[in-house]
Amino acid sequence: MVRFANSVESMRRSEIRDLMKSASSPGLITFAGGMPNNDLFPIAEIDEIYRGLSLKTKQEGFQYCPTPGYPPLIQSVKQYLREKGFPVDTNELIITTGSLQAIYLLAKVLLNPGDRVVCEYPSFIGAIAAFNSFQARMDTISLDDDGPVMEELEAAFRRTPAPKLLYLTPYFHNPAGIIYSQARKKAVIEFLKDQDVVYLEDNPYGEIYFTEQALELTRPIKVITADAEKICYTGSFSKILGPGMRLGYLLAPPEILAKCELAKQSVDACSATFTQVLAHEFLVQNKLQAYLEFIRPIYARRLKSMLHTLEQSMPSGVSWTKPAGGFYVWVKLPEHLDATKVLKESVQNGAVFVIGQTFDPEARRNNCFRLAFSHVPEDKIEPGIEIIARAVKKFM
Ligand SMILES: Cc1ncc(COP(=O)(O)O)c(C=O)c1O
């Protein structure tokens, strides 16, 4: 018998991965995958960028690069963040293999078995898996439409031992779809002033806003607060360029970042240089802004179609978030209703989504589910939501 490590015992099967397998059966309408739409990738721009590279740069792209990242990309990401008001000169930055790796590295350098992490319910499954793999104990705080419920946040910090890490996704949350209100962000900033905790702000969707009011709300806590340089911040190229690039970044205090860099050396030595070269050119050739302006209205239209169909087809007693950006709508069923039953019925009739339990760090609550409007073909949104609504009605 294979004697696995204790840490593997605490790993949960990823329902998303399992679902992705079933979601690939032909004909199924899938709202499961939290990824961009294939037809929207900036393929022509990347073709043009690659053709324009010198032989020397192409060769560099095929080579290893320093562990913290391809130096020109570190500079261009810093410039991108500097323009947004981030404290790049008092922090350090590394390029990571997706922002999931940034979360993983931070967990690796901070957490001993049994250490406490405070995170939202619901939370991003990848982060839950990372914290689980270091055998952390997770305390969850509920989200309402404005952000985390402050009383729960305060209560989590009154418990002992004190939490080591606070993980939040304030902008177009995965899976909840919400963005923190100005007032709630202020309350979080106020609260953090008195806490001795590492706060990780995770922001892969902030650029995908659909309205001017939402844009106002996307200014990160790390930009606004007077304690900005103490905060760890991770961003990603996955939703604004392509997840296949596997590129993210971590901006953090030098002391923390030095440890993450050491940890990264033994994880993958460096992130793919090839895609770092392309991402760097994408930024310095000013292609990002034009690309974002192109995709925002398309995702906004998809969301509108999803919200409209939900309104038309869901029975009363079911509610859902009305996001102003990002990729997701979070649907809440009455407390007694089990989303897994609805999912099974729905899959039999041709539509798939991700059940709420997947996003519960405590793997308990299951009367919610996530609908991603980003990846599904646009003309399938209406028929797909109607299938799901019929499945919901069957159990109401
Ligand atoms: C909230 C959140 N954080 C981080 C990630 C990780 O993205 P990546 O590793 O592709 O950069 C995702 C991906 O879905 C996410 O939704």
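It should be noted that the structure appears before, not after, this text.
Residues numbered from 1 in each chain as written. Predicted model: local features only at pLDDT ≥ 70, side-chain atom pairs only at ≥ 80, totals over all residues. Heavy atoms only, no water.

Visitor: I'd like a description of the nonpolar core, backed by residues and values.
Guide: Among the nonpolar cores identified, the biggest contains 107 residues, and Phe31, Leu81, Phe237, Val329, Phe369 and Leu371 are the most heavily contacted of them. Top contributing element to this core by residue count: helix H14 (residues 287-313), with 10 residues. With 28 residues, the next largest nonpolar core counts Ala102, Phe131, Ala136 and Met138 among its residues. (Core = buried A, V, L, I, M, F, W, Y, C linked by side-chain atoms within 4.5 Å. Buried < 20%, exposed > 50% of the residue type's maximum accessible area, 1.4 Å probe, protein only. Helix = DSSP H or I, 4+ residues; strand = E, 2+ residues; numbered from the N terminus.)

Visitor: Any details on the sheet that holds strand S2 (residues 92-96)? Residues and values, ideally.
Guide: Taken together, 8 strands build an open sheet; the order of strands is S2-S9-S8-S7-S6-S3-S4-S5 and the sheet is mixed. In this open sheet, the two strands that pair with only one neighbour each are S2 and strand S5 (147-148). For strand S8 (residues 232-236) and strand S9 (residues 248-252), the ladder comprises 4 bridges, and the chain directions are antiparallel. Its bridge partner lying in S9, Thr234 is registered against Leu250. (Pairing = 2+ DSSP bridges.)

Visitor: So what's going on with the sheet that holds strand S10 (residues 319-320)? Residues and values would help.
Guide: Pairing is antiparallel in the open sheet, where 4 strands are placed in the order S10-S11-S14-S13. For this open sheet the edge positions go to S10 and strand S13 (354-355), each flanked by a neighbour on one side alone. By the bridge criterion, 2 bridges tie S13 to strand S14 (residues 368-372) in an arrangement that is antiparallel. Counterpart to Ile355 in the pairing with S14 is Phe369.

Visitor: Any chance you could break down the packing of helix H3 (residues 43-52) against helix H13 (residues 273-284) for me, citing the residues and the numbers?
Guide: The contact between H3 and H13 brings their axes to 10 Å, and the two run at 105°. One element, H3, and the other, H13, form an angle in the roughly perpendicular class. Contacts between H3 and H13 involve Glu45, Ile46, Ile49 and Tyr50 from the first element and Phe274, Leu278, Glu281 and Phe282 from the second. The residue makeup of the contact of H3 with H13, split by class, is 6 nonpolar, no polar and 2 charged. (Axes fitted to C-alpha atoms, helices over the stretch in contact; angles between N-to-C directions. Parallel < 35°, antiparallel > 145°, perpendicular 65-115°, else oblique. Contact = heavy atoms within 4.5 Å. Nonpolar A, V, L, I, M, F, W, Y, C, P; charged D, E, K, R; others polar.)

Visitor: Summarise the site of the ligand; cite the residues concerned and give the values.
Guide: By nearness alone, 13 residues border the ligand, and Ser99, Asp202, Tyr205, Ser236 and Ser238 come closest of all. Between the ligand and Ser99 there is a distance of 2.7 Å, counted from an oxygen atom to a backbone nitrogen or oxygen. Considering the ligand on its own, with 400 Å² of exposed area, one finds that the protein chains cover 92% of that surface. Its residues assigned to classes, the shell around the ligand shows 4 nonpolar, 6 polar and 3 charged. (Near = heavy atom within 4 Å. Polar contact = N/O pair within 3.5 Å; in protein donor to acceptor, adjacent residues only side chain to side chain. Areas by Shrake-Rupley, 256 points an atom, 1.4 Å probe, with all protein chains shown as cover.)

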